[in-house]
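# Working through the structure, step by step
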Amino acid sequence: MRIRPLIIVAGLLLPLATAHPAAAATTVYQAEDATLSGASVATNHTGYTGTGFVDYVNAAGGYVQWSASSAAAGPATLTLRYANGTTTARPMDIAVNGTTVATGVSFAGTGSWDTWADRSVSVTLKAGANTVRATGTGADGGPNVDKLTVVSQDGGGTGPAVPFGSHQFAYAAGTLRPTGSQATLDQKVIDYYTTWKSAFIRQNCGNGWYQVISPDADHPYVAEGQGYGMVVVATMAGVDSNAKTIFDGMVKYMLAHPSVHNPNLLAAEQDSSCKSVNGSDSATDGDLDVALGLLLADRQWGSSGTYNYKDLAVKHINAIKANEVNPTTHLTLLGDWSTSGDSLYYVTRSSDWMIDHFRAFKKATGDSAWDTIRTAHQNLITSQQANYASSTGLLADFVVNTNTTPKPAPGKVLEDANDGKYWWNACRDPWRIGADAVTSGDSASLASARKINTWIKSKTGGNANSIGVGYALSGSQISSGSEPAFFAPFAVTAMTDPGSQAWLDALWTKMVNTSFSSNDYYSASIQLQVMILASGNYWLP
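First, a word on what this report is: a plain description of the structure on this page.

What counts, and at which threshold
- Residues numbered from 1 in each chain as written.
- Predicted model: local features only at pLDDT ≥ 70, side-chain atom pairs only at ≥ 80, totals over all residues.
- Heavy atoms only, no water.
- Helix = DSSP H or I, 4+ residues; strand = E, 2+ residues; numbered from the N terminus.
- Rg over C-alpha atoms; globule rule 2.2 N^0.38 Å.
- Buried < 20%, exposed > 50% of the residue type's maximum accessible area, 1.4 Å probe, protein only.
- Areas by Shrake-Rupley, 256 points an atom, 1.4 Å probe, with all protein chains shown as cover.
- Lys, Arg positive; Asp, Glu negative; His and termini not counted.
- Charge placed at Lys NZ, Arg CZ, Asp CG, Glu CD.
- Axes fitted to C-alpha atoms, helices over the stretch in contact; angles between N-to-C directions.
- Left-handed = near helix turned anticlockwise from the far one by under 90°.
- Contact = heavy atoms within 4.5 Å.
- Nonpolar A, V, L, I, M, F, W, Y, C, P; charged D, E, K, R; others polar.
- Pairing = 2+ DSSP bridges.
- Polar contact = N/O pair within 3.5 Å; in protein donor to acceptor, adjacent residues only side chain to side chain.
- Salt bridge = Lys/Arg side-chain N within 4 Å of Asp/Glu carboxyl O.

## Remarks on the overall build of the protein chain
Of the regular secondary structure elements, the protein chain holds 13 helices and 20 strands. Scaling as 2.2 N^0.38, a compact globule of 541 residues should have a C-alpha radius of gyration of about 24 Å, and the protein chain matches this with 24 Å. Projected onto its principal axes, the C-alpha coordinates of the protein chain cover approximately 80 × 50 × 40 Å. Looking at the 541 residues of the protein chain, the share that counts as buried comes to 59%. For the protein chain, the exposed area adds up to about 18800 Å²; of that, 49% sits on carbon and sulfur atoms. The positive charge centre, built from 34 side chains, and the negative charge centre, built from 42, are 4 Å apart in the protein chain.

Spelled out as structure tokens, the structure:
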């Protein structure tokens, strides 16, 4: 039997028009060669490139405007190299082809006028000539600007087709995002990802493998972590130039560690030598994310390279349906080790109810069974909230008796005495339910997400620091302390409520101000994915 690690603590989607991803082209435009207004070329500070830099006058309204060419229409990244010798940020508006695409982008102090830094903004360019204008909006004008670097599509190659920050997929109408410029939100995610990647992505076992290490789980490498890693790395392509190499290393690792029951599923746990242990069977949550990661990779880079991502994804999806979904209830099993006659065959884990993944699987395979599976899970969420958590909307880690009268586990069925409460598995539910609500706009998912949001906002009085570690389904707190695995997911349900902007902002602020150590794989991985979603950068293939 495979047991999930127990951690101990005191819009509607818009279709992508491009069928084949395009390669990136990088072009540098010097500021001194641009069109200037309320600004002038200067050379009185060191460290600039080219023949000089541009110094804005100390007044709002001055601008630098470049003509930038793109071989193909599509997403691009604009990077301004700048210096700000003051301690006060100098904001600028960034406009492309006459339309402001980023308002009040902060250009923070760099320590001196001789010290230069980069600030990036994600935009969409048209094929051919584009105008890019950076306008100082503060009383002190803009910072000194050295150059503009444009990374755009060149019309061919190997992607990525959906670079992080390109925002090609709209969320459901009315979905909130944290307050602040889009560029600022994106940068916070990039910063967090960079730290997370350094802490948890490893090549410890050779063979060209990449793995996500999970020091706070019961084994060094778990399928849950590999699934998280594949989704995250595919999503961060564009800002991580090594994303495809890492992803392919994760695919190679996945293929080298098949489940003993179905070789198209991933064995759930590996030891420090990357040898599969504890039965070499699967865990459903890891496989669901692995399959989605492969679909994301197919959209990002196409499937004509080393790995046919689409073929691998479809095989994985079909294996999930065959071995990790109960054919009677249409609900997820705990893993492929749970078969008819097993005592846990009619037990399901709420954090595996990934409604948005089921939608993506239907789209990828055309198999209507995924509509049936999705509906079964949505109905179970709704009924569990109504029957067992009418005032909170919370779900239990595990639900039993799914073939008769589904109910929260009466006590320990797999992990501990809190299996029937909102604990270390179910803490992910607001994120998972909310992900479908904001991407699909589905009324059932929205209702379930809003029920949770209404309760937690009231429970804490809008104070994100008051979110505890675990709750009974009635709402009583299990443990004190503060864990990203528990507070971060509530940000996604907050996004679904037009009246929760201040609450969402409080949760976002808490996330960006919370650090983590190299032992915090679980909480940090959850928070990173919540930040990707909350910033508007989550999408489904």
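## Some thoughts on the packing of helix 7 (residues 369-388) against helix 9 (residues 443-460)
Where helix 7 contacts helix 9, the axes come no closer than 10 Å and their chain directions differ by 35°. Crossing handedness for the pair helix 7 and helix 9: left-handed. Together, Q378, I381, T382 and Q385 of helix 7 and A444, S445, S448, K451 and I452 of helix 9 make up the contact between the two elements. Here the residues of the contact of helix 7 with helix 9 are counted per class, giving 3 nonpolar, 5 polar and 1 charged.

## Focus: the pairing of strand 7 (residues 92-96)
The buried count for strand 7 comes to 4 of 5 residues, which makes it a mostly enclosed element. As defined by bridge partners, strand 7 adjoins strand 8 (residues 99-105) across 4 bridges and the pair is classed as antiparallel. Paired with V96 across the bridge in strand 8 is T99. Taking the residues between adjacent antiparallel strands as the criterion, strand 7 and strand 8 are bridged by 2 residues, where N97 takes a positive phi near 55°.

## A word on the sheet that holds strand 7
Read across the sheet, 5 strands follow the order 2-5-10-7-8 without closing on themselves; strand pairing throughout is antiparallel. Whereas interior strands pair on both sides, the edge strands pair on one side only; in this sheet they are strand 2 (35-37) and strand 8. Mean inter-strand twist for the sheet, computed between neighbouring axes without regard to direction, equals 20°. The pairing of strand 2 with strand 5 (residues 63-70) spans 3 bridges and is antiparallel. Bridge pairing in strand 5 links S37 to Y63.

## As for the side chain of Q385
Looking at where Q385 falls in the secondary structure, it is placed in helix 7. A polar contact of 2.8 Å, which involves the side chain of Q385, links it to the backbone oxygen of G393. If sequence neighbours within four positions are ignored, Q385 has contacts with S390, G393, L395, S448, K451 and I452.

## Points about the pattern of salt bridges
The tally for this structure, following the rule as stated, stands at 14 salt bridges. One salt bridge connects D146 with R81, and the closest N-O pair in it is separated by 2.8 Å. You can see D146 sitting in strand 11 (residues 144-153) and its partner R81 sitting in strand 6 (residues 74-83), a full 65 residues away along the chain. When its relative accessible area of 0% is taken as the criterion, D146 is described as buried. The residue D289 makes a salt bridge to R432 at a minimum N-O spacing of 2.9 Å. Separated by 143 residues along the polypeptide, D289 in helix 4 (residues 284-301) and R432 in helix 8 (residues 429-440) bring together distant segments of the chain. When salt bridges with common partners are traced through the structure, they connect E224, D285 and R428 into a single cluster.

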